Amino acid sequence: MKNLIISAFALLLITGCQKYDDTAAAKLLQVPPYTEKGANTFGCLQNGAIWANFGAYPSHKVLFGPGPLDSSKVQSTISYYSADVFHTGSDTVFRVSAQYQLVKKGKELRDESMSILLPKNGSLTGTYLLTGTNGAFQYTQIDINEHDNMYTSQARHPFMVIVKKDSLVNRYYHVVSGRFSGTLYNRNLTDSIRISGGVFDTKTVN
């Protein structure tokens, strides 16, 4: 009986997965407005096209999550590292990440993520010109074979991130908000992506 229930549940997941389609919702996607309230938003223009936090979680080819504009996928942390990863005299790094996942009738068309990593020395407020060694902006595309194609900030054209607000709330949470723009390059510097009009507004545990 237990095996029958498990099998029925698995079949339900697979069937639901095959029907899942958020292409219509994706056409309504907009870059979120700039805010400073810890709304867990993230978005920009990628080569002029709208890119924002969107979609459902893929896990072992099964889709989970409530669907479009699921703000839980914007995740930010302030993490302590055992080494000074950016060689800036700090072992603390702020990170915010977002995902864009597009599915048509159960078939995943896009699986992409963007992340900002900034060294934290006291307040994060300020302007950063990221080269990949003093902080980083990363954009990753995962293809149908689950190979990743990464574009990152490089020294040839430093990527700009402006943190406009970093406020401690209720002694536990940081509201960190800002804007970003610049050019990203692939690993062998043969291709680039232009990011403009970027905004983020996150709340993270201190």
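Just above, that's the structure.
Reference entry: report on the structure contained in this document. In this text the structure is predicted, and so the values were computed from the model without any measurement. (Residues numbered from 1 in each chain as written. Predicted model: local features only at pLDDT ≥ 70, side-chain atom pairs only at ≥ 80, totals over all residues. Heavy atoms only, no water.)

### A closer look at the packing of aromatic side chains
Working step 1: Under the counting rule described, the total for this entry stands at 9 aromatic pairs.
Working step 2: Between the aromatic rings of Phe-42 and Trp-51, the centroid separation amounts to 6.2 Å while the plane-to-plane angle is 70 degrees, which identifies the pairing as edge-to-face.
Working step 3: On the basis of relative accessibility, which here comes to 1%, the residue Phe-42 falls in the buried class.
Working step 4: Given a relative accessible area of 0%, Trp-51 falls into the buried group. (Phe/Tyr/Trp six-rings, centres within 6.5 Å; stacked < 30°, edge-to-face > 60°. Buried < 20%, exposed > 50% of the residue type's maximum accessible area, 1.4 Å probe, protein only.)

### Some words on the pairing of strand E10 (residues 148–152)
Working step 1: As judged from the 5 bridges shared by strand E9 (residues 136–142) and E10, these two strands associate in the antiparallel manner. In the strand pairing of E10, Ile-142 is matched with Asp-148. (Pairing = 2+ DSSP bridges. Helix = DSSP H or I, 4+ residues; strand = E, 2+ residues; numbered from the N terminus.)

### Quick notes on the nonpolar core
Working step 1: The biggest cluster of nonpolar side chains holds 30 residues, and the ones touching the most others in it are Phe-42, Ile-116, Leu-118, Phe-137, Val-161, Phe-180 and Phe-200.
Working step 2: The element best represented in this core is strand E6 (residues 92–104), accounting for 5 residues. (Core = buried A, V, L, I, M, F, W, Y, C linked by side-chain atoms within 4.5 Å.)

### Quick look at the environment of Gly-38
Working step 1: Here Gly-38 is to be found in the loop between helix H2 (23–26) and strand E1 (41–46).
Working step 2: If near-sequence neighbours (up to four positions away) are discounted, Gly-38 is found in contact with Val-175, Asp-201, Thr-202 and Lys-203. (Contact = heavy atoms within 4.5 Å.)

### Here's the deal with a nonpolar patch on the surface
Working step 1: Taken together, the side chains of Tyr-172, Tyr-173 and Val-205 define a hydrophobic patch exposed on the protein surface, amounting to about 320 Å² of accessible area.
Working step 2: Taking relative accessible area as the criterion, Tyr-172 reaches 52% and is therefore assigned exposed. (Patch = residues over 30% accessible without salt bridge, like charges linked within 9 Å, V, L, I, M, F, W, Y side chains within 5 Å. Areas by Shrake-Rupley, 256 points an atom, 1.4 Å probe, with all protein chains shown as cover. Salt bridge = Lys/Arg side-chain N within 4 Å of Asp/Glu carboxyl O.)

### Some thoughts on the environment of Leu-129
Working step 1: Of note, Leu-129 is situated in strand E8 (residues 126–130).
Working step 2: Residues Leu-129 and Ile-162, spaced 33 residues apart in sequence, show a C-alpha to C-alpha distance of 8.8 Å.
Working step 3: With residues up to four places along the chain from it excluded, the contact list for Leu-129 reads Asn-134, Pro-158, Phe-159 and Met-160.

### So, the pairing of E9
Working step 1: The pairing of strand E7 (residues 107–119) with E9 spans 6 bridges and is classified as antiparallel. When the bridges of E9 are listed, Ile-116 appears paired with Phe-137.

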